[in-house]
Amino acid sequence: MPLPTLICLAFATGIAAALAGRVELRVSPRPALLTRSFMAYVVFACFVLVPVAVYFYVFHGDWFLLYTVDVATIPSALALVGFAVLVGIGAAGFLLGSVMVRSQRDTLAGVLTGLAVIAAGAVIFVAKERLQVVGDFTQYRGQFGLEPFAEGPLVQGAMVMGGILLVGILALVTRLHLSGRRGD
């Protein structure tokens, strides 16, 4: 899962979490970023979204960054800031979603969520030739020693991490939706 896809999914998940927690957001006088729904999103982002990003960055970093930058040249502190920014993008999605939910624009929030998910999938088509091969930055630039995506260990990692992310998103949205129905 390349970084642009994860960015789009973080934003979409933030909006979806606000939609799923709409009952709390509409009745609570607290700012959206101080609600239980937002705290649940932060837990998801820190324990599911960021670890998925870290996996791809550590084990398939050049591919994860679409061979735009040599991962070996990125200081680790900058990478940590990048992971925090990923959480921030999701939080911005939640904040935007909460504004729409509180102003009774649930449909617009749903449309934005769908558009962000479509954008996440579009990355695969836009960067198709970069994503079809696996290697490091030097191999990609020199066009040598690259393996097809479907034949290497990256395909298994992508399936497992994609599955973990999907289950995490579904668990988050379900938990928020059910907690609103119970009146928690």
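Residues numbered from 1 in each chain as written. Predicted model: local features only at pLDDT ≥ 70, side-chain atom pairs only at ≥ 80, totals over all residues. Heavy atoms only, no water.

A. How the structure looks around helix α5 (residues 106-126). Between its first and last C-alpha atoms α5 spans 30 Å; for 21 residues at 1.5 Å apiece the expected length is 30 Å, and the two agree. Among the residues of α5, those classed as buried are A109, T113, A116, A120 and V123. (Helix = DSSP H or I, 4+ residues; strand = E, 2+ residues; numbered from the N terminus. Expected span 1.5 Å × (residues − 1). Buried < 20%, exposed > 50% of the residue type's maximum accessible area, 1.4 Å probe, protein only.)

B. Representation of the environment of Y41 within the structure. Structurally, Y41 is set in helix α3 (residues 36-64). Since its relative accessible area comes to 0%, Y41 is described here as buried. Separated by 121 residues in the primary sequence, Y41 and G162 have C-alpha atoms spaced 18 Å apart. Sequence-distant contacts of Y41, defined by excluding residues within four places in its chain, comprise A10, T13, G14, A17, L49, V87, G90, A91, F94 and L172. (Contact = heavy atoms within 4.5 Å.)

C. Spotlight on the pattern of salt bridges. Tallied over the entire structure, the rule returns 3 salt bridges. One salt bridge in this structure joins E24 and R30, with 3.6 Å as the shortest N-O distance. Using a relative accessible area of 39% as the deciding quantity, one classes R30 as partly exposed. Within this structure, R22, R26 and D106 form a network of salt bridges that share partners. (Salt bridge = Lys/Arg side-chain N within 4 Å of Asp/Glu carboxyl O.)

D. Spatial organisation of the packing of helix α1 (residues 3-20) against α5. Running from N to C, α1 and α5 cross one another at 160°; their axes reach a closest spacing of 8 Å. As judged from the angle between their axes, α1 and α5 are roughly antiparallel. Between α1 and α5 lies a crossing whose hand is left-handed. When α1 is examined against α5, the residues P4, T5, C8, L9, F11, A12, I15, A16 and L19 are found in contact with a partner set consisting of D106, A109, G110, L112, T113, A116, V117, A119, A120 and V123. (Axes fitted to C-alpha atoms, helices over the stretch in contact; angles between N-to-C directions. Parallel < 35°, antiparallel > 145°, perpendicular 65-115°, else oblique. Left-handed = near helix turned anticlockwise from the far one by under 90°.)

E. Region of interest: the packing of aromatic side chains. All told, the structure shown has 9 aromatic pairs when counted by the stated rule. Ring centres 5.7 Å apart and planes at 85° place the aromatic pair Y57 and F83 in the edge-to-face group. Within this pair, whereas Y57 is found in helix α3, its partner F83 is found in helix α4 (residues 76-102), the two being separated by 26 residues in sequence. Aromatic ring contacts, followed pair by pair, group Y55, F56, F59, W63, F64 and F149 into a single cluster. (Phe/Tyr/Trp six-rings, centres within 6.5 Å; stacked < 30°, edge-to-face > 60°.)

F. Expanded view of the environment of P31. Of note, P31 is situated in the loop between α2 (22-27) and α3. According to the relative accessible area criterion, P31 is partly exposed, its value standing at 48%. When the C-alpha atoms of P31 and G121 are compared, they prove to be 32 Å apart, with 90 residues separating the residues in sequence.

G. Quick peek at the state of the cysteines. Within this structure, the stated rule accounts for 0 disulfides. Here C8 stays free of any disulfide, with the sulfur of C46 as its closest cysteine sulfur at 20 Å. Given the relative accessible area of 36%, C46 is considered partly exposed. (Disulfide = S-S within 2.5 Å.)

H. Representation of the nonpolar core. Counting residues in each nonpolar core, the largest one holds 52 residues, and the members touching the most others are L6, Y41, F44, L49, F56, F94 and L165. Mapped by element, the contributors of at least two residues to this core are α1, α3, α4, α5 and α8 (153-182). It is α3 that contributes the most residues to this core, 15 residues altogether. In contact with F94, not counting residues within four places along its chain, are G14, I15, A17, A18, L25, A32, L33, T35, S37, F38 and Y41. (Core = buried A, V, L, I, M, F, W, Y, C linked by side-chain atoms within 4.5 Å.)

I. Region of the structure containing a nonpolar patch on the surface. On the surface, a cluster of nonpolar side chains totalling about 370 Å² of accessible area is made up of L108, V111, L115 and I118. You can see V111 is positioned in helix α5. (Patch = residues over 30% accessible without salt bridge, like charges linked within 9 Å, V, L, I, M, F, W, Y side chains within 5 Å. Areas by Shrake-Rupley, 256 points an atom, 1.4 Å probe, with all protein chains shown as cover.)

J. The arrangement of the environment of M39 in detail. The topology assignment puts M39 in helix α3. Judged by its relative accessible area of 41%, M39 is partly exposed. Put simply, M39 and V69 are 30 residues apart on the chain and 33 Å apart in space, counted from C-alpha to C-alpha.

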